[in-house]
Amino acid sequence: MTQLVAVTGANGFLGRLLVPALLQRGCAVRAVIRNPGKWQEVAADLGPSAAAVTCAVADLDDPDALVRAFDGADVVLHNAAMASPFKNGWDENYRPNVLGTENVLKAMSRSGVRRLHYVSSIGAYKLTARHALGLRVVQEEDPVYRDTGRPQRNANRVTKALAEGRCRAAAAAEAIDLTILRTSAMYGPHDPNVAPIMRFVMSKPVMPVPKLYFPLAFAPDVASAIAEAVVRDDSRGRTYNLAGPADVSIDRFCRAWRDRIQARTRLIPIPLPVRIAFDNNRAMRELDFSHSPLASSLGFLEDNGPSQ
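Just so it is clear, the structure is predicted and the values come from calculations on it, not from any experiment. (Residues numbered from 1 in each chain as written. Predicted model: local features only at pLDDT ≥ 70, side-chain atom pairs only at ≥ 80, totals over all residues. Heavy atoms only, no water.)

A. The arrangement of the overall build of the protein chain in detail. A count of helical and extended segments in the protein chain gives twelve helices and eleven strands. Its C-alpha radius of gyration of 19 Å places the protein chain within 12% of the 19 Å reference for a compact globule of 308 residues. A principal-axis box enclosing the C-alpha atoms of the protein chain has dimensions of 55 × 45 × 35 Å. Out of the 308 residues in the protein chain, the part that is buried amounts to 53%. Within the protein chain, counting contacts between residues at least 6 apart in sequence, those at least 24 apart form 81% of the total. Averaged over its 38 positive side-chain charges, the protein chain has a centre that lies 6 Å from the centre of its 31 negative ones. (Helix = DSSP H or I, 4+ residues; strand = E, 2+ residues; numbered from the N terminus. Rg over C-alpha atoms; globule rule 2.2 N^0.38 Å. Buried < 20%, exposed > 50% of the residue type's maximum accessible area, 1.4 Å probe, protein only. Contact = heavy atoms within 4.5 Å. Lys, Arg positive; Asp, Glu negative; His and termini not counted. Charge placed at Lys NZ, Arg CZ, Asp CG, Glu CD.)

So, in structure tokens, the structure goes:
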């Protein structure tokens, strides 16, 4: 029987990749979007398969609209969130990430949906010095940030962790099958976060770059794993890390980007003793999560032009 999956944030960076990944696995998709004008661009990318997608307009601030959007769905894939390195104010993260998730959970309860996949972040982990120095690999069971009742630093990271907590509480109270998918920073087509930083780096004749290890994931790889989690029953109740490869340093990533677009920037590596690695083994075993080779993953830059 075909599952109907309601995807929040379906016209965002990751969302527009989740929709085709779900369609390829035989799901019916309802794109839950805030801005219907942006959907036309997404539909153009989908081509003929766009006809298989229904749309529902709903803001995370509007529980009634969310109820209508979720009506008849088998699964909610809650992907909409604030996820920007350029916006770290407490209120601008708390409202969509925590209050928005609370509204999604209330709408699920009212519409009778009992399966939730929540797209979280590896930023939810409360990392230690041992993690930062590469002496301990981050596991799914490691601690995440907790609610202190007051605004905290690292607003995006903390609010994603708090939203996870809201999901877990609702799952326990209302018998919801919950899957949590913790993604790392991502790059890829239509990337609003990494690409602007790289454009700035590549605009300079000389640029120091940190030689440290922090995982960047290719967004289509992440979308494929999330879609796989949706269609697999054994993902119920599980938490997965979906982080990029641990062996690609930031300076190596910058050099690959530079070479792909044939920029002339001289990159000067600055060694730093940071090597954060996340255990992806569960996702690799159960969701077929894998990493595209760095050189080939940057092929999207040729489609988007050298300004990327």
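From this point on, the discussion continues.
B. A look at the sheet that holds strand β6 (residues 177–183). Sheet architecture is open: seven strands sit in the order β3-β2-β1-β4-β5-β6-β10, paired in parallel fashion. Either end of the sheet is taken by a strand with one partner, and the two such strands are β3 (53–57) and β10 (239–242). Taking the axes of each pair of neighbouring strands and ignoring which way they run, one obtains an average angle of 20° across the sheet. Sheet analysis places strand β2 (residues 28–33) next to β3, joined by five bridges and oriented parallel. Counted as the bridge partner of V29 is V53 from β3. Packed on one face of the sheet, helix α6 (residues 155–174) meets β5 (115–121), β6 and β10 and runs near 160° to β5. (Pairing = 2+ DSSP bridges. Axes fitted to C-alpha atoms, helices over the stretch in contact; angles between N-to-C directions.)

C. Spatial organisation of the pairing of β2. Most of β2 sits out of view: five of its six residues are buried. Judged from the five bridges that link them, strand β1 (residues 4–8) and β2 form a sheet pairing that is parallel. Residue T8 lies in a different strand from β2, and its bridge partner there is V32. Following the backbone out of β2, through helix α2 (residues 36–46) and into the adjacent parallel β3, one traces a crossover that is right-handed. (Right-handed = clockwise from strand over helix to strand, strands pointing away.)

D. Highlighting the packing of helix α1 (residues 15–24) against α2. Two elements in contact, α1 and α2, have axes separated by 11 Å at closest approach and are oriented at 40°. When the interaxial angle is binned, α1 and α2 end up oblique. In the packing of α1 onto α2, the handedness of the crossing is right-handed. Counting all contacts with α1, which are made through R16, V19 and P20, the residues of α2 involved are E41, V42, D45 and L46. (Parallel < 35°, antiparallel > 145°, perpendicular 65-115°, else oblique. Left-handed = near helix turned anticlockwise from the far one by under 90°.)

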